[in-house]
Amino acid sequence: LSHRVRGHEAMLTVKVPAAGNLSAGGKDLLTRHTRVGKAKNVTIAVPLSHAGLRALAHHRLVLKVRLGFVPKARKAPKSSASVTVVFK
């Protein structure tokens, strides 16, 4: 899991173990979902919400982004992770 901030978006690169659905979001962020067809590295952009943009106009933001992965194979275990990003 790696991350960087580009403008008003947090760019997250995640290594997914198999086909399935990946979601990312958090407080003051819009939730983004993506479907993955096989195990690979996936980059997902999570932009600030309108409330996040208003808050960023007054001060820097330190936000926790939560990621969740649900595999296509029903018996495979789900996984989740979180990362802290700083918007300036």
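First, a word on what this report is: a plain description of the structure on this page. Remember, predicted model here, so these are calculated numbers, not experimental data.

Reading guide: rules and limits
- Residues numbered from 1 in each chain as written.
- Predicted model: local features only at pLDDT ≥ 70, side-chain atom pairs only at ≥ 80, totals over all residues.
- Heavy atoms only, no water.
- Salt bridge = Lys/Arg side-chain N within 4 Å of Asp/Glu carboxyl O.
- Buried < 20%, exposed > 50% of the residue type's maximum accessible area, 1.4 Å probe, protein only.
- Helix = DSSP H or I, 4+ residues; strand = E, 2+ residues; numbered from the N terminus.
- Contact = heavy atoms within 4.5 Å.

According to the stated counting rule, one finds 2 salt bridges in the structure shown. Across the pair R6 and E9 runs a salt bridge, and its minimum N-O distance is 3.1 Å. Assessed through its relative accessible area of 46%, R6 is described here as partly exposed. Across the pair K27 and D28 runs a salt bridge whose closest N-O atoms are separated by 3.9 Å. A residue is classified by how much of its surface remains accessible, and D28, at 17% relative accessible area, is buried.

Our next topic: the side chain of D28. Tracing the chain through its elements places D28 in the loop between strand 3 (20-25) and strand 4 (32-36). Every residue in contact with D28, bar those within four places of it in the chain, is listed here: L48, S49, A51, G52 and L63.

Everything listed here is a matter of geometry and, on its own, says nothing about what the molecule does.
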